[in-house]
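# Tertiary structure, described
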Amino acid sequence: MLKKVSIILLSGIVLFLGGTIVFKNIANWLIVSDAVPKNLNIVFTFAGEGVRVNYSRSLMQKYSEATWVLSDYEDGYARLLRKNKFNMDRVVVVDTCKNTKSEVNALAQWVDQNKPVSDSGSTISIGLVSSPYHMRRIKMMINRRFKDKNIKFHYLPVPLKQYKWTSEMVQYWWKTSEVSKVVFIELQKIVYYFLIL
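Rules behind the numbers
Starting afresh in each chain, residues are numbered from 1 along the sequence in its written order. Predicted model: local features are reported for residues with pLDDT of at least 70 only, side-chain atom pairs are reported and counted for 80 or more only, and whole-chain, interface and lining totals are derived from all residues. To get the side-chain values, all heavy atoms of the structure are used, and hydrogens and water are removed first. Strands are runs of DSSP state E lasting at least two residues, helices are runs of H or I lasting at least four, and both sets are numbered from the N terminus onward. Between buried and exposed lies partly exposed: a residue is buried under 20% and exposed over 50% of the maximum accessible area for its type, with that area taken using a 1.4 Å probe on protein chains only. Only heavy atoms enter the contact rule, under which two residues are in contact if any of them lie within 4.5 Å. For the area figures, the Shrake-Rupley method with a 1.4 Å probe applies, and any residue is considered shielded solely by the protein chains shown. Definition of a polar contact: a pair of N or O atoms within 3.5 Å, with one able to donate and the other able to accept a hydrogen when the atoms are protein atoms, and with sequence-neighbouring residues admitted only if both atoms are side-chain atoms. The score called pLDDT rates the predictor's confidence residue by residue, from a low of 0 to a high of 100. Paired strands, in this sense, are two strands between which DSSP finds at least two bridges. What counts as an axis is a line fitted to C-alpha atoms, over the stretch in contact for a helix, and the angles between N-to-C directions run from 0 to 180 degrees. By convention in these notes, a salt bridge is any Lys or Arg side-chain nitrogen within 4 Å of a carboxyl oxygen on Asp or Glu. Within this scheme, the nonpolar core is defined by two criteria: the residues are buried Ala, Val, Leu, Ile, Met, Phe, Trp, Tyr or Cys, and they are joined through side-chain atoms within 4.5 Å. Working definition: a ring pair exists when centres of Phe, Tyr or Trp rings (six-membered ring for Trp) sit within 6.5 Å. Plane angles under 30 degrees give stacked, over 60 give edge-to-face, the rest tilted. The path from the first strand over the helix to the second decides the hand: if it runs clockwise while the strands point away from the viewer, the crossover is right-handed.

### Focus on the overall build of the protein chain
- Helix and strand counts for the protein chain stand at seven helices and five strands.
- Counting from the amino terminus, the protein chain carries its helices and strands in the arrangement α-β-α-β-α-β-α-β-α-β-α-α.
- The buried share among the 197 residues of the protein chain stands at 40%.
- Long-range pairs, those at least 24 residues apart, make up 73% of the contacts in the protein chain with a sequence separation of at least 6.
- If you sum the accessible surface of the protein chain, you get close to 12,000 Å²; carbon and sulfur atoms cover 56% of it.

Right under this line is the structure:
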């Protein structure tokens with residue numbers, strides 16, 4: 001009897017400690033971030049926030065040969081880019097995206113139809129731009145959708161400071177309502193993705 005109680009108690013402690021570690025680190029887990037690479041063929045921007053477009057715009061200035069595939073709704077951000085005299089010659093607007101999965105599918109379709117001209121067997125480098133907390137779900141979908149080994153993805157979330165967030169706010173995400181709200185919403189979307197989509 002004592003042995004059973006000890007096993008139950010030990011299991012409870014292990015579960016509690018494991019749950020605490022997962023809970024504390026969940027916001028950092030959501031963020032997938034790569035170093036900005038030397039070269040990109042394509043910059044793909046997920047729709048939803050002007051800050052994503054602004055960050056992508058700065059990347060496009062760095063990568064003068066890249067094509068910018070911009071997921072936009074009713075030409076809203078593209079119209080602003082034109083208004084601000086941004087050169088749209090290298091910008092492709094994709095306006096058929098309802099959610100993240102449809103955006104990943106739209107990117108896959110566009111890449112299939114417009115693979116950049118390169119040497120046979122060379123790698124196509126694609127930078128993915130979205131919000132930091134959005135990147136884990138994007139990576140899950142990219143891994144499921146893309147099987148081409150000649151495509152290299154770089155996860156380039158908008159820097160935290162552009163949201164007026166700090167790494168400390170992410171580390172202690174449950175203490176800041178703005179961050180905790182985003183974390184809970186994103187976790188629900190990940191569960192929905194696995195159960196429904």
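After presenting the structure, the write-up continues.
### Observations regarding the environment of Arg52
- Residue position: Arg52 is located in helix α2 (residues 50-62).
- For Arg52, a relative accessible area of 5% puts it in the buried group.
- Sequence spacing of Arg52 and Gln162 is 110 residues, and the spatial spacing of their C-alpha atoms is 9.5 Å.
- Setting aside chain neighbours within four positions, we find Arg52 in contact with Thr45, Phe46, Ala47, Val129, Ser130, Ser131, Tyr133, His134, Val158 and Tyr163.
- A distance of 3.3 Å separates polar atoms of two side chains, one belonging to Arg52 and the other to Ser130.
- A polar contact of 2.7 Å, which involves the side chain of Arg52, links it to the side chain of Ser131.

### As for the confidence of the model for the protein chain
- Taken over all residues, the pLDDT of the protein chain has a mean of 87, while the share at 70 or more is 87%.
- Per-element confidence in the protein chain is highest for strand β1 (residues 42-45), whose mean pLDDT is 96, and lowest for helix α1 (residues 2-30), whose mean pLDDT is 72.

### Re the side chain of Thr45
- Here Thr45 shows up in strand β1.
- There is a polar contact of 2.7 Å between the side chain of Thr45 and the side chain of Trp68.
- Apart from the residues within four sequence positions on either side, Thr45 is in contact with Arg52, Val53, Ser56, Trp68, Val69, Leu70, Ser71 and Val129.

### Topic: the sheet that holds β1
- Across the sheet, five strands lie side by side as β3-β2-β1-β4-β5; this open sheet has parallel pairing. Looking at the sheet topology across the chains shown, the edges are occupied by β3 (91-94) and β5 (151-155). Across the sheet, the mean angle from the axis of one strand to that of its neighbour is 20°, orientation sign disregarded.

### Considering the pattern of salt bridges
- For the structure on display, the rule yields two salt bridges.
- Between Glu49 and Arg52 there is a salt bridge; the shortest N-O distance is 3.0 Å.
- A salt bridge links Glu186 to Arg137, with the nearest nitrogen and oxygen atoms 2.5 Å apart. Linking Glu186 in helix α7 (residues 177-195) with Arg137 in helix α5 (residues 135-145), this pair joins segments that are 49 residues apart in sequence. The same class applies to Glu186 as to Arg137, namely buried.

### Considerations on the nonpolar core
- Within the largest apolar cluster, 58 residues are counted, with the highest numbers of intra-cluster contacts made by Trp68, Leu128, Ile142 and Phe153.
- Sorting elements by how many residues they give to this core places helix α4 (residues 100-113) first, with six residues.
- If we ignore the near neighbours within four places in the chain, the residues touching Ile142 are Val104, Leu107, Leu128, Phe153 and Tyr155.

### Considering the packing of aromatic side chains
- With the rule as written, the count across this model stands at eight aromatic pairs.
- The interplanar angle of 35° and the centroid separation of 6.0 Å between the aromatic rings of Tyr133 and Trp165 together place this pair among those described as tilted. Placement of the pair is Tyr133 in the loop between β4 (124-129) and α5 and Trp165 in the loop between β5 and α6 (167-171), with a sequence separation of 32 residues.
- On the accessibility criterion, Tyr133 (15% relative accessible area) is buried.
- Trp165 gets classed as buried once you look at its relative accessible area, which sits at 7%.

### Remarks on the pairing of β4
- The buried count for β4 comes to six of six residues, which makes it a mostly enclosed element.
- Where β1 meets β4, four bridges bridge the pair, whose relative direction is parallel. The residue of β4 that forms the bridge with Val43 is Gly127.
- Bridge count for β4 against β5 is five bridges, and the pairing is parallel. By the bridge assignment, Ile126 is partnered in β5 with Phe153.
- Following the backbone out of β4, through α5 and into the adjacent parallel β5, one traces a crossover that is right-handed.

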